[in-house]
Amino acid sequence: MTYNNSTWQKGADSVKESRKKLLKGIVTAAAAAGAVYGMNRLVFFLSTMKDLLTSKEKSYYNWRFGDIYYARKGEGRPVLLLHQLSASGSDCEWQSMIDELAEDHTVYTIDLPGCGRSQKEKMVYTNYLYVQAVNDFVKHVIKTKTDIITSGDTSSIAVMACHSEPSLYGRFIFINPESLDHMIRTPGPQQKCLSYLLQLPLVGTLYYVLANSRWKVKRDFRTKYYYNGDRIEPGMEDMFYEAAHLGGFAARFAYASQVGYYTRINVVYALKQIDHSMYIIGGEAMEGMDDTIAGYTHFNPAIEAVRMEGTKGMPHMEKPVETADLCKLYLER
């Protein structure tokens, strides 16, 4: 077969056109990536510019997997408050009842590793890691037997911490603990895929930004946390939103572990073994709380439980004085 100059020219033109299309595609992709990166940066900047979580007393426990922010107030038998495990979790959820508790106790609050003002490392966060963090904090910072009050799924952290080192702890109060059925779920293909997606630099950060938008935080306050939205304190939603974006893009790693079920664990065996005093405070309007309480008391009949009227997911934020009074009653027994 012979080729004339016209055929060769057509081939050369075709190659040039393909190169132009490829270059155009690369430029378009780069521009899109740049736009996404710029948007992510802007969201993180705007969400933290109010600087609502800056504390005059910047106390940090230099833990081996990153510095842990903590605060202390009051005098008396120590009590450690553990916030819920979520992207927006921080000790700010306890701020309305700290003064009440501090009248009779030394109150410690911490931002768990990967949350709030604590260091946010690029790693997988597991229940065992949080258990070690709490145990080490009690041993090296509090340095004496400690009572614990938890919010949401950090009940599992407290249970496992006590099971591993029971001599460190006294009484436990679980506010709206996660159900035992919820905590035994293990990472499946869907959860592992989502967790991996969130760890990707560009797409993962974009997903995190969309999943933890200001609208999402406001919706959680009105549908999950509060029974009566009129009780929401001014600025509280902004504090939660800021907590989710402190630490830059690395904030997504703890969230990736949460949605990937890596922070969950079966606590049934530990729950049956613990002979410490344990109490449950459930929001009256918290869906499924009766079943949750039944599950806990089935495996440990010594657990006492009460439902707080007119509250939902966060009784300690919605009715802080009443919650603090109830907690003090349990802690003084």
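Everything below is about the structure printed above this text.
Residues numbered from 1 in each chain as written. Predicted model: local features only at pLDDT ≥ 70, side-chain atom pairs only at ≥ 80, totals over all residues. Heavy atoms only, no water.

Right, let's talk about a nonpolar patch on the surface for a bit. On the surface, a nonpolar cluster with roughly 410 Å² of combined accessible area is contributed by Leu42, Phe45, Leu46 and Met49. Relative to the assigned elements, phenylalanine 45 resides in helix H1 (residues 5–48). (Patch = residues over 30% accessible without salt bridge, like charges linked within 9 Å, V, L, I, M, F, W, Y side chains within 5 Å. Areas by Shrake-Rupley, 256 points an atom, 1.4 Å probe, with all protein chains shown as cover. Salt bridge = Lys/Arg side-chain N within 4 Å of Asp/Glu carboxyl O. Helix = DSSP H or I, 4+ residues; strand = E, 2+ residues; numbered from the N terminus.)

As enumerated under the stated definition, the model contains 15 aromatic pairs in all. Relative to phenylalanine 137, the ring of tyrosine 61 has its centre 6.0 Å away and its plane inclined at 70°; by these criteria the two rings are edge-to-face. With a gap of 76 residues between them, tyrosine 61 in strand S1 (residues 59–63) and phenylalanine 137 in helix H3 (residues 127–142) connect regions that are remote in the sequence. There is no split in this pair, since tyrosine 61 and phenylalanine 137 are both buried. Considering the side-chain rings of tyrosine 125 and tyrosine 130, the 6.1 Å spacing of their centres and the 25° angle between planes classify their relative orientation as stacked. For the pair tyrosine 125 and tyrosine 130, a shared accessibility class is recorded, and that class is buried. (Phe/Tyr/Trp six-rings, centres within 6.5 Å; stacked < 30°, edge-to-face > 60°. Buried < 20%, exposed > 50% of the residue type's maximum accessible area, 1.4 Å probe, protein only.)

What follows covers the nonpolar core. Generally speaking, nonpolar side chains in soluble globular proteins are found buried as a group. Ranked by size, the top nonpolar core spans 48 residues in total, and within it Leu80, Leu112, Tyr130, Val134, Phe137 and Tyr169 carry the most contacts. The dominant element in this core, judged by the number of residues it contributes, is H3, at 9 residues. When neighbours within four sequence positions are excluded, phenylalanine 137 is seen to be in contact with Tyr61, Tyr70, Leu80, Tyr108, Ile110 and Ile142. Formed by 28 residues, the second largest nonpolar core is a distinct cluster that contains Phe44, Leu53, Ala243 and Ala256. (Core = buried A, V, L, I, M, F, W, Y, C linked by side-chain atoms within 4.5 Å. Contact = heavy atoms within 4.5 Å.)

For the rest of this paragraph, the subject is helix H8 (residues 214–225). Val217, Asp220, Phe221 and Tyr225 are the residues of H8 that are buried. Looking straight down H8, one finds that the buried residues subtend no more than 100° of arc, so they occupy a single side. Looking at the packing, one finds that the buried side of H8 touches helix H9 (236–243) and helix H13 (315–318). (Arc of directions from axis to C-beta.)

For residues besides glycine, phi is generally negative; the peptide bonds are generally trans as well. Although it is not a glycine, aspartate 51 sits at a positive phi angle of roughly 55°. Topologically, aspartate 51 is positioned in the loop between H1 and S1. Within the chain, lysine 143 stands out as a residue other than glycine whose phi angle is a positive 65°. Note that lysine 143 resides in the loop between H3 and strand S5 (146–151). On the accessibility criterion, lysine 143 (63% relative accessible area) is exposed.

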